[in-house]
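Chain by chain, the residues:
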Amino acid sequence: MFVHSSGLNVLRLNSVEDELELSTVRHRPEGLEQLEAQTRFSRKELQILYRGFKNECPSGVVNEETFKDIYSQFFPQGDASTYAHFLFNAFDTDHNGSVSFEDFVMGLSILLRGTVQEKLIWAFNLYDINKDGYISKEEMLDIMKAIYDMMGKCTYPVLKEETPRQHVEVFFQKMDKNKDGVVTIDEFIDSCQNDENIMRSMHLFENVL
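Quick caveat, the model's predicted, so the values are computed rather than measured.

With that settled, consider the overall build of the protein. Along the protein, the regular secondary structure elements total ten helices and four strands. Along the protein, helices and strands appear, N-terminal first, in the series α-α-β-α-α-β-α-α-β-α-α-β-α-α. Residue burial in the protein is summarised as follows: out of 209 residues, 45% are buried. The long-range fraction of contacts in the protein, counting pairs at least 24 apart against all pairs at least 6 apart in sequence, stands at 67%.

Take a look at the structure:
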């Protein structure tokens, strides 16, 4: 969820028969067996994903600027830089300023093949910009604005400036069950699973992941 499926095109996948060439990269990923056990990808799929990742990132890791450049290619009609920044931080699970192949496939496995619960936990982490375990209204608004900026004027030609804030007000009011000004992960998951309108809006964002 929240990642554009066509983003896989960036991998420029080669033949299924291609094998890993670990000796040519500076960052060696975990063994295939370990990644196969930790993700929902087969060994062959991991080989294909790795070759594509290595084509884009010969060093074996991707920094934020490269990530933004790659991601923005899929949204030429808008400005994807801010959303790509938030997305990069969600993939960069150890917060070291780079995304390794392991980081990439672990996130991709959840987004493409995870359970609803796993996807919602990942989405919560995306919205929790400062990683304090809560989503504030400002954080939700920052993400929502970034999505609208990325989708561009041709997607939302009559979008008013205040529309993202209006959407956030509605969502936040529904999610913040105890009215303490923040949304916990339990409130987020419960709201998404039990409110069709929220879930439908979340599915809208599958187009931007």
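This part covers the side chain of Glu139. Position of Glu139 among the secondary structure elements: in helix α7 (residues 137-151). With no salt bridge to any partner, buried Glu139 finds its closest opposite charge in Lys131, at an N-O distance of 7.6 Å. There is a polar contact of 2.9 Å between the side chain of Glu139 and the backbone nitrogen of Ser136. Each residue touching Glu139, except ones within four places of it in the same chain, is listed here: Tyr127, Asp128, Ile129, Asn130 and Tyr134.

Another point: the packing of aromatic side chains. Under the criterion given, the structure shown has twelve aromatic pairs. Between Phe53 and Phe101, the ring centres sit 5.6 Å apart and the planes meet at 65°, which makes this aromatic pair edge-to-face. Here Phe101 lies in helix α5 (residues 101-113) and Phe53 lies in helix α2 (residues 43-56), a separation of 48 residues in the sequence. The class for Phe101 is buried, based on a relative accessible area of 1%. Between Tyr71 and Tyr83, the ring centres sit 6.2 Å apart and the planes meet at 35°, which makes this aromatic pair tilted.

Turning our eyes to something else, we now look at the UniProt feature "domain: EF-hand" (unreviewed entry) in the protein. UniProt records the feature "domain: EF-hand" (unreviewed entry) at residues 79-114, 115-150 and 163-198, using the numbering of this structure. Across residues 79-114 one finds 67% helix and 8% strand; the C-alpha atoms that close the span lie 28 Å apart. End C-alpha atoms of residues 163-198 are separated by 16 Å, and the span's content is 72% helix alongside 6% strand.

When pLDDT is averaged along the protein, the result is 81; 77% of the residues meet or exceed 70. Model confidence for the protein, summarised as mean pLDDT per element, is weakest for helix α10 (residues 196-204) at 67 and strongest for strand β4 (residues 182-183) at 98. Low pLDDT (under 50) marks residues 1-26, which in the prediction has 77 contacts with non-local residues, meaning those over four places away or in another chain.

Rules used in this analysis
- Residues numbered from 1 in each chain as written.
- Predicted model: local features only at pLDDT ≥ 70, side-chain atom pairs only at ≥ 80, totals over all residues.
- Heavy atoms only, no water.
- Helix = DSSP H or I, 4+ residues; strand = E, 2+ residues; numbered from the N terminus.
- Buried < 20%, exposed > 50% of the residue type's maximum accessible area, 1.4 Å probe, protein only.
- Contact = heavy atoms within 4.5 Å.
- Lys, Arg positive; Asp, Glu negative; His and termini not counted.
- Salt bridge = Lys/Arg side-chain N within 4 Å of Asp/Glu carboxyl O.
- Polar contact = N/O pair within 3.5 Å; in protein donor to acceptor, adjacent residues only side chain to side chain.
- Phe/Tyr/Trp six-rings, centres within 6.5 Å; stacked < 30°, edge-to-face > 60°.
- UniProt positions renumbered as here; feature names shortened; annotations may be inferred.
- pLDDT = per-residue confidence, 0-100.

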